[in-house]
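# Inside the fold
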Amino acid sequence: MLNIVIILKALTEIAGLALLGQGILFVLAGANREQNLFYKVLRTVTSPIMRAVRFITPRFVPDRHVGIAAFFLVAGLWLALTMLKIQLVLEARRLAG
C-alpha cells in the first residue's frame, strides 16, 4: 500500500509542477504562448487534468479559472497523499518496533 501511495504522490507532484510551469509561462509568454514549445509540452501533460476538472466544475465557472481550480485540486490531492504516507509509515514503524 505504501508503494502505491508513493507512486500516486510522485504523479501528483509531476502534475502540480506542470500546472505551475504552465501558469508561469501563461503569464510570461503572454499572447505568444501558443507558439512556445515548452508551453505546448506542458499543455499536453496537463490536458487530462484540465479536462477532468472542467468535467467536475459547474458550468458557470469560466474556462480561464479551470487551471487555477486544477492546481488547487492537485495541491489538495498531494496534501492528502502526504498525510496518508505519513500515517502508513508511522503505522509500519509501530508494528516493526
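What you see is a predicted model, and the numbers here were worked out from it, not measured in a lab.

What follows deals with the packing of aromatic side chains. The geometry of an aromatic ring pair comes down to the distance between the two centres and the angle between the two planes. With the rule as written, the count across this model stands at 1 aromatic pair. Judged by centre distance (5.9 Å) and plane angle (70°), the rings of F71 and F72 are edge-to-face. Judged by relative accessible area, F71 falls into the partly exposed class, the value being 30%.

Further remarks concern the nonpolar core. Counting 7 residues, the largest nonpolar core is built from A15, L19, I49, V53, V66, A70 and V74. Only α1 (2–29), α2 (37–56) and α3 (66–96) provide two or more residues apiece to this core. If near-sequence neighbours (up to four positions away) are discounted, V74 is found in contact with T12, A15, G16, L19 and I49.

Turning next to the packing of α1 against α3. Running from amino to carboxyl end, α1 crosses α3 at an angle of 155°, the nearest separation of the two axes being 9 Å. It follows from the interaxial angle that α1 and α3 lie roughly antiparallel. As α1 packs across α3, the resulting crossing turns out to be left-handed. Of α3, the residues touching α1 (which contributes L2, V5, I6, L8, K9, T12, E13, A15, G16, L19 and L20) are A70, F71, V74, L77, W78, L81, T82, L84, K85, L88 and V89. Split by residue class, the contact of α1 with α3 holds 16 nonpolar, 3 polar and 3 charged.

This part is about the layout of surface pockets. Taken as a whole, the largest pocket encloses approximately 460 Å³ of empty space. Surrounding the largest pocket, 17 residues form its lining, G23, F26, M50, G67 and I68 being those nearest its centre. Sorting the residues of the lining of the largest pocket by element identifies α1, α2 and α3 as the ones contributing at least two each. A per-class count over the lining of the largest pocket returns 8 nonpolar, 4 polar and 5 charged.

The periodicity of an α-helix, 3.6 residues per turn, causes residues three or four positions apart to be oriented the same way. The end-to-end C-alpha distance of α2, which contains 20 residues, comes to 29 Å, matching closely the 28 Å that a straight helix rising 1.5 Å per residue would cover. Along its length, α2 shows its largest kink, about 50°, at T46, and proline P48 lies within four residues downstream of that point. For α2, the set of buried residues is Y39, T46, I49, V53 and R54. Buried-residue contacts for α2 involve α1 and α3. For α2, the N-terminal cap is N36; the gap from its side-chain oxygen to the backbone nitrogen of F38 is 2.9 Å.

Our focus in this paragraph is the side chain of R54. Among the structural elements, R54 can be located in helix α2. Among the polar contacts made by the side chain of R54, one reaches the main-chain carbonyl oxygen of V61 at a distance of 2.9 Å. With sequence-adjacent residues up to four places away left out, R54 is seen in contact with R59, V61, P62, D63 and V66.

Reading the values: the criteria
Residues numbered from 1 in each chain as written. Predicted model: local features only at pLDDT ≥ 70, side-chain atom pairs only at ≥ 80, totals over all residues. Heavy atoms only, no water. Phe/Tyr/Trp six-rings, centres within 6.5 Å; stacked < 30°, edge-to-face > 60°. Buried < 20%, exposed > 50% of the residue type's maximum accessible area, 1.4 Å probe, protein only. Core = buried A, V, L, I, M, F, W, Y, C linked by side-chain atoms within 4.5 Å. Helix = DSSP H or I, 4+ residues; strand = E, 2+ residues; numbered from the N terminus. Contact = heavy atoms within 4.5 Å. Axes fitted to C-alpha atoms, helices over the stretch in contact; angles between N-to-C directions. Parallel < 35°, antiparallel > 145°, perpendicular 65-115°, else oblique. Left-handed = near helix turned anticlockwise from the far one by under 90°. Nonpolar A, V, L, I, M, F, W, Y, C, P; charged D, E, K, R; others polar. 1 Å grid on protein atoms, 1.4 Å probe; cavity = no way out; pocket = protein on both sides within 12 Å on 5 of 7 lines; lining within 4 Å. Points joined across faces, edges and corners; volume = space filled by probe spheres on them. Expected span 1.5 Å × (residues − 1). Bend = angle between axes of the 7 residues up to and from the residue. Polar contact = N/O pair within 3.5 Å; in protein donor to acceptor, adjacent residues only side chain to side chain.

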